[in-house]
Amino acid sequence: MESFIEEFQGDHEKTSELVVTVDGPSGAGTGTLASFIAEELGINCYSAGDFFRGIAADRDMTVEELGKVADKQTDLKVDRRTLEKGLSENCVIEARIPSRVLGTYSDLRIYLTADLEERAKRVSKDQEEGKRENEEKSDSLEEVKERIRKRDEENWRRYKDYYGIENTKDIYDVLIDNTEMTIDEQQEQVRKILERKFPEQLE
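The text that follows walks through the structure, step by step, so that each part is easy to find. (Residues numbered from 1 in each chain as written. Predicted model: local features only at pLDDT ≥ 70, side-chain atom pairs only at ≥ 80, totals over all residues. Heavy atoms only, no water.)

Remarks on the pairing of strand 1 (residues 19-23)
And then number 1: Extensive coverage of strand 1 is indicated by the burial of 5 of its 5 residues.
And then number 2: Of the two faces of strand 1, the one holding Val19, Thr21 and Asp23 and the one holding Val20 and Val22 are both buried throughout.
And then number 3: As paired strands, strand 1 and strand 3 (residues 91-95) are joined by 5 bridges and run parallel to one another. Of the residues in strand 3, the one forming a bridge with Val19 is Cys91.
And then number 4: Bridge count for strand 1 against strand 4 (residues 108-113) is 4 bridges, and the pairing is parallel. Each bridged residue has a counterpart across the sheet, and for Val22 the counterpart in strand 4 is Ile110. (Buried < 20%, exposed > 50% of the residue type's maximum accessible area, 1.4 Å probe, protein only. Helix = DSSP H or I, 4+ residues; strand = E, 2+ residues; numbered from the N terminus. Pairing = 2+ DSSP bridges.)

In structure tokens, the structure reads:
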């Protein structure tokens, strides 16, 4: 087994028995899906945000303070913690590229997405409901769309710069576009996948 990112390849010991990774862009709903999978499988759920907050705590900084000074080494530490967590604990991990970080150490690699318009609507709704307090608020849907588009581009520019990886989908076991799906429809589809992949875990 190995990571799909050369930076993290090497002789790693995996003591965990069940790891699921959920990748996807902003507004796709990776957090919601990851939480559902974790509940179904009876394991913990983590995100890149959890690891980022851990790094901030280690430095005796707030998340906002770390965000202002975060650099390449900060991103690398987040991804290293992703690898370490997946190797050491049964869990679900959601972020932008955990499936690439954990590679074949991940027992199920899922990519979740939706079209830009739909993702922007979801982010706008979350902002109105106060679910994205640490994010810059925008006055219009078009502003949200533009911010997400730029963020997506910047993320992949960084990943290519740091790791030499492209935004391809061939590494995933499951691809889900939930643009026109309800949460219930998505969960039913994923539940069937889990039943096939991890029948003993769901007994």
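A word on the packing of aromatic side chains
And then number 1: Applying the stated rule across the entire model yields 5 aromatic pairs.
And then number 2: Ring geometry for Tyr111 against Tyr172: centres 5.2 Å apart, planes inclined by 50 degrees, an arrangement best described as tilted. Of this pair, Tyr111 sits in strand 4 while Tyr172 sits in the loop between helix 7 (141-163) and strand 5 (174-177), placing them 61 residues apart in sequence. Summarising the burial analysis for this pair, Tyr111 and Tyr172 share the class buried.
And then number 3: Among the aromatic side chains, those forming a connected cluster through ring pairs are Phe8, Tyr162 and Tyr163.
And then number 4: The ring of Tyr111 has Lys169 sitting right over it, with the charged end atom 4.8 Å from the ring centre. (Phe/Tyr/Trp six-rings, centres within 6.5 Å; stacked < 30°, edge-to-face > 60°. Lys NZ or Arg CZ within 6 Å of the ring centre and 35° of its normal.)

Some remarks on the pattern of salt bridges
And then number 1: Evaluated as defined, the whole model comprises 18 salt bridges.
And then number 2: As a salt-bridge pair, Arg81 and Asp58 come within 2.4 Å of each other at their nearest N and O atoms. With Arg81 in helix 4 (residues 72-88) and Asp58 in helix 2 (residues 48-58), this residue pair connects regions lying 23 residues apart in the sequence.
And then number 3: Using a relative accessible area of 27% as the deciding quantity, one classes Arg81 as partly exposed.
And then number 4: Residues Lys145 and Glu117 are paired through a salt bridge, measuring 2.8 Å at the closest nitrogen-oxygen approach. Taken together, the residues Lys145 in helix 7 and Glu117 in helix 6 (residues 116-128) connect sequence positions 28 residues apart.
And then number 5: Of the residues examined, Lys145 reaches a relative accessible area of 17% and is grouped as buried.
And then number 6: Because the salt bridges share partners, they merge into one network encompassing Glu146, Arg149, Lys150 and Glu153. (Salt bridge = Lys/Arg side-chain N within 4 Å of Asp/Glu carboxyl O.)

Topic: helix 1 (residues 30-41)
And then number 1: In this model, helix 1 (12 residues) spans 16 Å end to end at C-alpha, consistent with the 16 Å of a helix rising 1.5 Å per residue.
And then number 2: Looking at the packing, one finds that the buried side of helix 1 touches strand 1, strand 2 (44-47), strand 3, strand 4 and helix 8 (183-197).
And then number 3: Positive backbone phi, at 70 degrees, marks Gly42, one or two positions downstream of helix 1. (Expected span 1.5 Å × (residues − 1). Contact = heavy atoms within 4.5 Å.)

A closer look at the nonpolar core
And then number 1: Ile5, Leu83, Ile97, Tyr163 and Ile165 are the most contacted members of the largest nonpolar core, which has 24 residues in total.
And then number 2: Residue assignment for this core shows that the elements contributing at least two residues are helix 2, helix 4, strand 3, helix 5 (98-102) and helix 7.
And then number 3: With sequence-adjacent residues up to four places away left out, Leu83 is seen in contact with Phe8, His12, Val101, Leu102 and Tyr105.
And then number 4: Core analysis: the second largest hydrophobic core is formed by 21 residues, Val22, Leu41, Leu108 and Leu194 among them. (Core = buried A, V, L, I, M, F, W, Y, C linked by side-chain atoms within 4.5 Å.)

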